[in-house]
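Structure assessment
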Amino acid sequence: NMPLYNNFKNVAEKAANDLAIINFRTCEKTTFGELLNQIDDFANALKAAGVEKADKIVVLTFNSSIDIIALLGANKIGAVVEFLDPESDITQMQSHSSNAKILIVEGVFLPLAKMISNNTPIVIYNNSNTSELQKQALEILRVLEAKND
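First, a word on what this report is: a plain description of the structure on this page. (Residues numbered from 1 in each chain as written. Predicted model: local features only at pLDDT ≥ 70, side-chain atom pairs only at ≥ 80, totals over all residues. Heavy atoms only, no water.)

To continue, consider the sheet that holds strand β6 (residues 122-125). Strand order in the open sheet formed by 4 strands is β4-β3-β5-β6, and the pairing between neighbours is parallel. Only two strands of the sheet have a single neighbouring strand rather than two, namely β4 (80-83) and β6. Going from strand to strand, the sheet's axes swing by 25 degrees on average, the running direction of each strand aside. Relative to β6, strand β5 (residues 100-106) runs parallel, the two being bridged by 4 bridges. (Pairing = 2+ DSSP bridges. Helix = DSSP H or I, 4+ residues; strand = E, 2+ residues; numbered from the N terminus. Axes fitted to C-alpha atoms, helices over the stretch in contact; angles between N-to-C directions.)

Below, the structure written as structure tokens:
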């Protein structure tokens, strides 16, 4: 059972049309219902990419909505999330990202992610809407398939 995700889902379903997040960079507003859909899409993308219970995903972003989406999406499928501080020491970030199934980054951190990835597949997150998350699910699959080739 995934109590964190389930608790959020219960709240989100009751307050589906209420404002949950305002992205201060884009001024985009997201309701609880929309956020729940994004979390579910993200969880499905992780599952489709082969992420399983107890697998670790690492997130390297600014503090943004992807943090909530990644945490609850991973929690839904039983995966573990580790957030990296982009201002941390490179060696420390490499250590924390070892054994990760996927490294999720905002585009600005791609050069840093390549330095710390230890051959972990890197997926760039665009901080976008649900339809974009579905496209990103395909990108996760593409990245993992390329690694397995």
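Secondary-structure assignment places leucine 84 in the loop between β4 and α4 (90-97). Here leucine 84 falls in the buried class, since its relative accessible area comes to 9%. Sequence spacing of leucine 84 and phenylalanine 62 is 22 residues, and the spatial spacing of their C-alpha atoms is 9.7 Å. In this structure, leucine 84 is in contact with Val58, Val59, Leu60, Met93, His96, Ser97 and Ile116, ignoring residues within four places of it in sequence. (Buried < 20%, exposed > 50% of the residue type's maximum accessible area, 1.4 Å probe, protein only. Contact = heavy atoms within 4.5 Å.)

The subject of this paragraph is the environment of valine 59. Its place among the elements puts valine 59 in strand β3 (residues 56-60). In this structure the C-alpha to C-alpha distance between valine 59 and isoleucine 122, which are 63 residues apart in sequence, comes to 9.9 Å. The contact partners of valine 59, leaving out residues within four places of it in the chain, are Asp67, Ala70, Val81, Glu82, Phe83, Leu84 and Ile104.

With that settled, consider the nonpolar core. Membership of the largest hydrophobic core comes to 28 residues, with the highest contact counts inside it found for Phe8, Phe42, Leu46, Ile57 and Ile102. Taken together, the elements giving at least two residues each to this core come down to α1 (3-14), α2 (32-48), β3, α3 (65-77), β5 and β6. A per-element tally of this core places α2 first, with 7 residues. Setting aside residues up to four positions removed in sequence, leucine 46 forms contacts with Val51, Ile57, Gly73, Ala74, Ile77 and Ile102. In this structure, Met93, Ala100, Leu112 and Ile116 belong to the second largest nonpolar core, which totals 12 residues. (Core = buried A, V, L, I, M, F, W, Y, C linked by side-chain atoms within 4.5 Å.)

A few words on the side chain of aspartate 40. In this fold, aspartate 40 is placed in helix α2. Excluding its chain neighbours within four sequence positions, the residues that come into contact with aspartate 40 are Tyr5 and Lys76.

This part takes up the environment of glutamine 94. For glutamine 94, the position within the fold is in helix α4. For glutamine 94, a relative accessible area of 28% gives the class partly exposed. Sequence-wise, glutamine 94 and serine 117 are 23 residues apart; in three dimensions their C-alpha atoms are separated by 6.7 Å. Contacts of glutamine 94, omitting those with residues within four sequence positions, involve Met115, Ile116 and Asn118.

In this section: the packing of aromatic side chains. Enumeration over the complete set of coordinates arrives at 2 aromatic pairs. A centroid spacing of 6.1 Å and a plane angle of 40 degrees characterise the contact between phenylalanine 8 and phenylalanine 32, whose relative ring orientation is tilted. Remark: phenylalanine 32 occurs in helix α2 and phenylalanine 8 occurs in helix α1; sequence separation between them is 24 residues. Measuring from centroid to centroid gives 4.9 Å for phenylalanine 62 and phenylalanine 109, while their planes differ by 50 degrees, and the two rings are tilted. With phenylalanine 62 in the loop between β3 and α3 and phenylalanine 109 in the loop between β5 and α5 (110-116), this pair connects stretches of sequence that are 47 residues apart. On the basis of relative accessibility, which here comes to 38%, the residue phenylalanine 62 falls in the partly exposed class. The class of phenylalanine 109 is buried, set by a relative accessible area of 10%. (Phe/Tyr/Trp six-rings, centres within 6.5 Å; stacked < 30°, edge-to-face > 60°.)

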